[in-house]
Amino acid sequence: MSGTKVVAPENRTVIGLTFGNSNSSVAYTADDKAEVIANEDGDRQIPTILSYVDGDEYYGQQAKAFLIRNPNNTVAFFRDFLGKDFEHIDPTHNHASAHPKDVDGVVSFTVKEKAEEDAEPSTLSASEVATRYLRRLVGAASGYLGKQVTSAVITVPTNFNEKQKAALIAAANAADLEVLQLISDPVAAALAYDARPEAQVEDKIVVVAELGGTVSDVAVVASRGGMYTVLATAHDYEFNGIALDKILMDHFAKEFLKRNPSAKDPRENARSLAKLRFEAEATKRALSIGTNASFSVESLSDGIDYASTINRLRYETLSRSVFEGINRLVESVIKKAGLDVLDVDEVILSGGTAHTPRIATNFSNIFPQTTRILAPSTNAFAINPSELGARGAALQASLIQEYEADDIDQSTHAAVTTVAHITNAIGVVSLNAAGEEIFVPIVPAETAVPARRTIHIAAPKDGGNVLVKFVEGNTHIKVTQPEPKPKEDKSAKVEDAADSDEDSDFSDDEEDEEEKREKVWKIGNTLAEAAVRDVKKGGKVEVTVQVNADLSVILTTREVGSKGGVRGQLSA
Ligand code: ATP
């Protein structure tokens, strides 16, 4: 699916693009490093908003500011309407800006885009709004790069359907932008991390928590030999950045009314509400960096100025239900993938809301210590979560830019998102030091196929015949209950509790020793057995497992350094 706008590889200037409901970003690569580009206003996260004022078109942060003074001619939260009929859209977030309307089933907005007093307002389809907005992004990027941007890799949520993808491509093409490829948001985030020079491309299970303004999307991704397979996803429209804004808006509105009992509730007047929203979001962002933040609005309601502060702990307490919702979302998607938190090697926090320190700390408590939590507050080497998507897309764009458009569709480049994969690990049975049979994985579960892996196993000390038993392997979680503790002195305990309960908003510092959970391999079905005869003293046996694209398996074993060997094929 590449659209109508096609550019010859030698004429391309490529970018990576995220086009969110709330914000968009553009990145490019230079010397294999991806950089996010600032627009004319110096913004790298560019609000996905267009506004028309006195005949001029504004976009980004400037358009966002017009949500207070000129909401009716300001179009926000339109990305999700691409490729949808009017009857299937959710206009929840559009009540404070131009309202979507039904024009023969096409989602449209009516805005006054001309300066003349008596000019008729224009009705623009959501696609037209998207095209105009994308044109502004491309214009800013072209200005920055000093040459016309022609082509892009664009990220999309994992639940974007074919119709939405086609509509996005058409809107981009209409903005004179060739779409090289659409890649899914979590894969873009994983690419951004894996492309770092210090990254080790290892087989791993990654959870990408993409936490935006209107949606929280979580995906479990298997990364095997540089190929990514999305194993499971979950989407939530309740526990998001806007919910956090709302909590602060309510908090400050109530405080304002307490101080000014006779004033009108700022939430009951559209303009006051817009001011409250704008400032609440700024306060929320400040709380991601500092432990205290101020909130100040001129003429909030009834002409009364209002200023206040809030500390992070208070904010976290108020927002607890949202944070817990995000935790549950993450846990549910891991379960959906048939995995356990112990299977997860890495958690990537992506999207604006992923800056929130408490969300990352909560994840540290859900996952074992061996899981890397990649967020600014938990890892000094974390990449800015707001930049991951655009960076990943830019890296992918630079990888595929020299291909003809037709070839890109068929390419099996790194970001192919749905590829066949094996469900169980394949390996051999070996003996551990205690003489018990153990499973030695060769091809891990969720490996994208075709795949071929080889290991060497040592023959018995004195050589001889080596029996190689090929089996499938599954992991399961072994739970060991803690040893019961001797009873403590009760009176001491009561005092302790009284002391510490006061300020403890979260009970994550569990004192009790927890049960021990570990991942252990279980030997599954036997696939084949092979004997390698007369192995030399101190010799080694090479074992290769090849899984073909049709999931048939070829197993080979031979003594290292010798010719021949045993080969067997199993059908899928
Ligand atoms: P969506 O498509 O879900 O609406 P998006 O991908 O377009 O989101 P993002 O920029 O990823 O947009 O996320 C926007 C949200 O992130 C907003 O709610 C914004 O307030 C929030 N946000 C941005 N920066 C921070 C920060 N530093 N701390 C906390 N929240 C932040």
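Residues numbered from 1 in each chain as written. Predicted model: local features only at pLDDT ≥ 70, side-chain atom pairs only at ≥ 80, totals over all residues. Heavy atoms only, no water.

The name given to the chain in an unreviewed UniProt entry is Ribosome-associated complex subunit SSZ1, and the organism recorded there is Triangularia verruculosa.

K.L.:
Explain the domain arrangement of the chain to me, please; I cannot follow it from the model alone.
P.N.:
When the parts come together, some accessible area is lost, and that loss is often what is quoted as the size of the interface. Each assigned domain of the chain is listed with its residue range as follows: domain 1 (9-185 + 390-410), domain 2 (201-237 + 333-382), domain 3 (241-318) and domain 4 (425-482 + 516-570). Computed from C-alpha coordinates alone, the two centres of domain 1 and domain 3 are separated by 30 Å. Between domain 1 and domain 3, the contact holds 11 residues from the first and eight residues from the second. Buried surface at the junction of domain 1 and domain 3, both sides included, amounts to about 740 Å², of which 66% is carbon and sulfur. Contact with domain 3 buries area across many residues of domain 1, yet Lys-64, Ile-68 and His-93 alone supply 55% of it, more than any other trio. Taken together, the connections running from domain 1 to domain 3 amount to one salt bridge. A salt bridge links Lys-64 to Glu-281, with the nearest nitrogen and oxygen atoms 2.7 Å apart. Taken together, the links from domain 1 to domain 3 amount to one residue pair in polar contact (both at pLDDT 80 or more). Here the element with the most residues in the side of domain 1 that touches domain 3 is helix H1 (residues 60-69); it accounts for six residues. Partitioning the side of domain 1 that touches domain 3 into residue classes produces five nonpolar, four polar and two charged. (Domains from an automatic or database assignment. Contact = heavy atoms within 4.5 Å. Buried area = accessible area lost by both parts, 1.4 Å probe. Salt bridge = Lys/Arg side-chain N within 4 Å of Asp/Glu carboxyl O. Polar contact = N/O pair within 3.5 Å; in protein donor to acceptor, adjacent residues only side chain to side chain. Helix = DSSP H or I, 4+ residues; strand = E, 2+ residues; numbered from the N terminus. Nonpolar A, V, L, I, M, F, W, Y, C, P; charged D, E, K, R; others polar.)

K.L.:
Just checking my understanding: could you explain the nonpolar core for this structure?
P.N.:
If you look at soluble globular proteins, the nonpolar side chains tend to sit buried side by side. In this structure, Val-207, Val-220, Ile-334, Val-347, Leu-349, Phe-363 and Phe-367 are the most contacted members of the largest nonpolar core, which totals 51 residues. For this core, the element with the most residues is helix H5 (residues 241-259), which contributes eight residues. Split by domain, the residues of this core number at least three in each of domain 2 (201-237 + 333-382) and domain 3 (241-318). The contacts of Phe-363, once residues within four sequence positions are left out, are Ala-209, Ile-326, Asn-327, Val-330, Val-347, Leu-349 and Ile-373. Judged by nonpolar contacts, the second largest core, of 43 residues, contains Leu-50, Val-129, Val-179 and Leu-182. (Core = buried A, V, L, I, M, F, W, Y, C linked by side-chain atoms within 4.5 Å. Buried < 20%, exposed > 50% of the residue type's maximum accessible area, 1.4 Å probe, protein only.)

K.L.:
Just to check I follow, could you spell out the pattern of salt bridges for this structure?
P.N.:
Between side chains of opposite charge, a pair can form when the charged atoms approach closely. With the rule as written, the count across this model stands at 27 salt bridges. Here Asp-80 makes a salt bridge to Arg-79, at a shortest N to O gap of 3.1 Å. Summarising the burial analysis for this pair, Asp-80 and Arg-79 share the class buried. For Glu-559, the salt bridge goes to Lys-536, with nearest N and O atoms at 3.6 Å. Linking Glu-559 in strand S26 (residues 553-559) with Lys-536 in the loop between strand S24 (516-535) and strand S25 (540-547), this pair joins segments that are 23 residues apart in sequence. Judged by relative accessible area, Glu-559 falls into the buried class, the value being 8%. The exposure class of Lys-536 is exposed, given its relative accessible area of 54%.

K.L.:
Whenever I open this one, empty space enclosed by the protein confuses me. Can you help?
P.N.:
Once rolled over the atoms, a probe with the size of a water molecule shows which space is left empty. Under the defined criterion, the tally for this structure stands at two cavities of 30 Å³ or more. Of the pockets and cavities examined, the largest cavity occupies roughly 50 Å³. Lining the largest cavity, in full, are Pro-157, Thr-158, Asp-185, Pro-186, Val-208, Glu-210, Asp-217, Val-218 and Ala-219. Looking at the lining of the largest cavity, the elements that each hand over two or more residues are helix H4 (185-194), strand S13 (204-211) and strand S14 (216-224). In terms of residues, the lining of the largest cavity owes the most to one element, S14, which gives three residues. Here the residues of the lining of the largest cavity sort into five nonpolar, one polar and three charged. Looking at which domains feed residues into the lining of the largest cavity, each of domain 1 (9-185 + 390-410) and domain 2 (201-237 + 333-382) supplies at least three. Approximately 40 Å³ is the volume attributed to the second largest cavity. Taken together, Val-26, Ile-37, Ala-38, Asn-39, Ile-46, Leu-137, Ala-140 and Ala-141 form the lining of the second largest cavity. (1 Å grid on protein atoms, 1.4 Å probe; cavity = no way out; pocket = protein on both sides within 12 Å on 5 of 7 lines; lining within 4 Å. Points joined across faces, edges and corners; volume = space filled by probe spheres on them.)

K.L.:
Would you mind going over the packing of aromatic side chains with me for this structure?
P.N.:
Any aromatic ring pair is given by two values, namely how distant the centres are and how the planes are angled relative to each other. For the coordinates displayed, the defined rule picks out 12 aromatic pairs. With 4.0 Å between their ring centres and 15° between their planes, Phe-252 and Phe-295 make a pair best called stacked. Residue Phe-252 is found in helix H5, and its partner Phe-295 is found in strand S16 (residues 292-301); the two are separated by 43 residues along the sequence. Classification of Phe-295 as buried rests on a relative accessible area of 0%. Their ring planes at 45° and their centres at 4.8 Å tell us that Phe-439 and Trp-521 sit as a pair that is tilted. One end of the pair, Phe-439, is in strand S21 (residues 437-443); the other, Trp-521, is in strand S24, with 82 residues separating them in the sequence. (Phe/Tyr/Trp six-rings, centres within 6.5 Å; stacked < 30°, edge-to-face > 60°.)

K.L.:
Would you explain the environment of Leu-388 in this entry?
P.N.:
Tracing the backbone through its elements, the reader meets Leu-388 in helix H10 (residues 388-400). By relative accessible area, Leu-388 is classed as buried at 0%. Between the C-alpha atoms of Leu-388 and Ala-190, which are 198 residues apart in sequence, the distance is 8.2 Å. Beyond its immediate sequence surroundings of up to four residues, Leu-388 is in contact with Ala-188, Ala-189, Ala-192, Tyr-193, Ile-348, Leu-349, Ser-350 and Ile-383.

K.L.:
Looking at this model, I keep getting lost on the sheet that holds strand S20 (residues 425-431). Mind explaining?
P.N.:
Hydrogen bonds between backbone groups are what pair the strands of a sheet, and the pairing can be parallel or antiparallel. A sheet is described by the order of its strands in space; here four strands give the open sequence S21-S20-S23-S24, paired in antiparallel fashion. Where the open sheet ends on each side, the last strands, each with one partner, are S21 and S24. Neighbour to neighbour, the strand axes of the sheet diverge by 40° on average, direction disregarded. For strand S23 (residues 464-480) and S24, the ladder comprises 15 bridges, and the chain directions are antiparallel. (Pairing = 2+ DSSP bridges. Axes fitted to C-alpha atoms, helices over the stretch in contact; angles between N-to-C directions.)

K.L.:
Quick question: what am I supposed to make of the site of the ligand here?
P.N.:
As a matter of local geometry, the ligand sits amid 18 residues, with Ser-22, Thr-214, Glu-281, Lys-284 and Ser-288 nearest to it. Contact distances for the ligand include 2.6 Å between an oxygen atom and a side-chain N or O atom of Ser-22. Interatomic distance of 2.6 Å between a side-chain N/O atom of Glu-281 and an oxygen atom of the ligand. Protein chains bury 89% of the 650 Å² of accessible surface belonging to the ligand in isolation. No other element matches the four residues that helix H6 (residues 270-289) contributes to the shell around the ligand. Here the residues of the shell around the ligand are counted per class, giving one nonpolar, 14 polar and three charged. (Near = heavy atom within 4 Å. Areas by Shrake-Rupley, 256 points an atom, 1.4 Å probe, with all protein chains shown as cover.)

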